[in-house]
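Each chain is listed here by its residues.
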Amino acid sequence: MPIRQLPEDLINRIAAGEVVERPASVVKELVENAIDAGASRIVITTAAGGKGLMRIEDDGHGMDRADLLLSVERHATSKLSEDELDDIRTLGFRGEALASIGSVAELSIASRTANAESGLRLEVRSGVRSGPVPLAMNRGTIVEVRNLFANVPARLKFLKTDRAEAAAITDVVKRLAMANPAVHFLLNGTDRSPSNWPAVTGTGALEARLGQVMGDDFAQNAVRLASSRHGVVVAGLAGLPTYTRANSLSQFYFVNGRSVRDKVLVGAIRAAYADYTFRDRFPVVALYIAVDPGEVDVNVHPAKAELRFRDAGAVRSAVIRAIGEALTAAGFKASDTVADDVLGAFTAPAYETTASQTISTTAPMARSYDQPRHIEPAAFARFDGFTEPSARIEAEPAPALAEYPLGTARAQMFDNFIIAQNGEGLLLVDQHAAHERLVYERFKAQLASGPVPSQSQLIPVVIELPEEDCARLEEAAPELERFGLYLERFGPCAVAVRETPALLGNSDIDGLVRDVADGLAEWDSIAAVSDRMEAIIARMACHGSVRSGRRLRVDEMNALLRDMEATPHSGQCIHGRPTYVELKKKDIERLFGRSR
């Protein structure tokens, strides 16, 4: 078959395959055009998941006759002042969206500038243009797209259900609303419940918009990001480590006001939270990056959903540093959703008042309270077992509760949980999880300033292990000395431990060495020891912390609470679990129905 020049209509339909993937793609392109046009209010209306109708109305600058005619031509745009792609400051720049949409749908564009007497309306059907004709309207632009892919059945059959497509549109509009808090967004239609996000400006506008879109719950359980490093400005909100989700759908990334997907940012978030969350849990983040437009290439994806940083390492470093500083400043703070989970676990008995239980207010009392009443000994049988304590209480003069955020210790329950009280409510502290975090942070601080101090064993501890584990430990011994762990080979199937980290005290040396050996076998490389510093420290901290089942004196419990208040990230253990739960006074009153 000889080479031939493709007709214009077919070229547009091929281009539409890149730009117009689904109805949500159309909404994204059109709303971005409205934002670039300076709109302060954008109304999006859909029907049948966008397959039947997509209508975007804005109050932007509008277009005159010449611009309206050019807008539906391929590669015609007003967003590139010069023929350069190194300084893109708008959301759109390709100039092919409207032409592509018009080739696979029924497209109608009505627009009016501020000084025009009336608006103009232009229609495109299967790539064929008609108009423009005069139309009475306010300043701005109205774009209607009907019957998407009606002339391309092969594309139409691959679309999902109306509900799924409507949900995809909602997600796109949410991201655009999060990136533009000064714009009022209204999303409605016959296929959805309306969503209204009023414009917010001034100090705290970004946090207010994130509260509108993601919920006040996120804003209350997140830390504010505000950092600048190597020309990279990082802003937004990062959820507390105990405020997580089962997937990454609640992680949002914006670069220069554009919602993107980028492996560098995903990896930076994973690294920033590596010490604080479960492996199968994902933090909730709204991350805003601002860099010089010349330092980022947005022309690497047809839908502009991906980009490429010129200095990806600097961006990664800036994000990790910003989140690390914000979480450190949060100290021991944990998300209040943990308390909600605890309250949900409580069930109050439901009492039903029967006729026989009703007390008459008119009948005389059957007996006087002054008369003695005989009680059978068998009646006390129901209280058997109450004489055996399940919690230990130690009375000691305590300072004013308001002096300490985590309060003062009141009791120890099940030899593992500390009950404390502050000025606002009650706290339950997991002593092992809390102390594990404290030891871990001290380990990191000591390792950052040099080798971890060690303490010698009076008699070397000999531990029998499989020969392959002994070989791994022997090879890794020089690296392990940095962590305060000194050991040497003791025959073919044993190692002798001469010194252990002083921070661990009298820890379980046998369990510690076996755990480190398991880690070396898992990483399958001795060179990975230095790269797995956090993992090694975490294993050591677990063995050096206060164990579950250990009884603590009241002064020890209070000392643990004070250390938690002074230690960053102490609101969660190294495995991502919360170290304490706080129940406010009003929460406790709600359990007993006092708030009704």
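Please refer to the structure higher up on the page.
Note that this is a predicted model, so its numbers are computed, not measured.

What counts, and where the lines are drawn
- Residues numbered from 1 in each chain as written.
- Predicted model: local features only at pLDDT ≥ 70, side-chain atom pairs only at ≥ 80, totals over all residues.
- Heavy atoms only, no water.
- Pairing = 2+ DSSP bridges.
- Helix = DSSP H or I, 4+ residues; strand = E, 2+ residues; numbered from the N terminus.
- Contact = heavy atoms within 4.5 Å.
- Axes fitted to C-alpha atoms, helices over the stretch in contact; angles between N-to-C directions.
- Disulfide = S-S within 2.5 Å.
- Buried < 20%, exposed > 50% of the residue type's maximum accessible area, 1.4 Å probe, protein only.
- Salt bridge = Lys/Arg side-chain N within 4 Å of Asp/Glu carboxyl O.

## Examining the sheet that holds strand β15 (residues 285-290)
Thought 1: Here we have five strands laid out as an open sheet, ordered β9-β10-β15-β12-β13, and mixed in their pairing. Looking at the sheet topology across the chains shown, the edges are occupied by β9 (222-229) and β13 (258-259).
Thought 2: This element, helix α6 (residues 162-179), spans β12 (251-255), β13 and β15 of the sheet and lies at about 55° to β12.

## Focus on the state of the cysteines
Thought 1: For the coordinates displayed, the defined rule picks out zero disulfides.
Thought 2: With no disulfide partner, C470 has as its closest neighbouring cysteine sulfur the one in C493, 6.1 Å distant.
Thought 3: C470 gets classed as buried once you look at its relative accessible area, which sits at 0%.

## What about the environment of L327?
Thought 1: Examined against the element boundaries, L327 turns out to sit in helix α10 (residues 312-330).
Thought 2: For the pair L327 and A272, spaced 55 residues apart in sequence, the C-alpha to C-alpha distance is 9.5 Å.

## Thoughts on the pattern of salt bridges
Thought 1: The tally for this structure, following the rule as stated, stands at 29 salt bridges.
Thought 2: In this structure, the salt-bridge partner of R498 is E488, at a minimum N-O distance of 3.5 Å. Highlighted residues: R498 in strand β24 (residues 494-501) and E488 in strand β23 (residues 486-489), separated in sequence by 10 residues.
Thought 3: A salt bridge links E556 to R553, with the nearest nitrogen and oxygen atoms 3.5 Å apart.
Thought 4: Taking relative accessible area as the criterion, E556 reaches 23% and is therefore assigned partly exposed.
Thought 5: Taking relative accessible area as the criterion, R553 reaches 46% and is therefore assigned partly exposed.
Thought 6: Linked through salt bridges whose partners overlap, the residues forming this network are R55, E57, E144 and R146.

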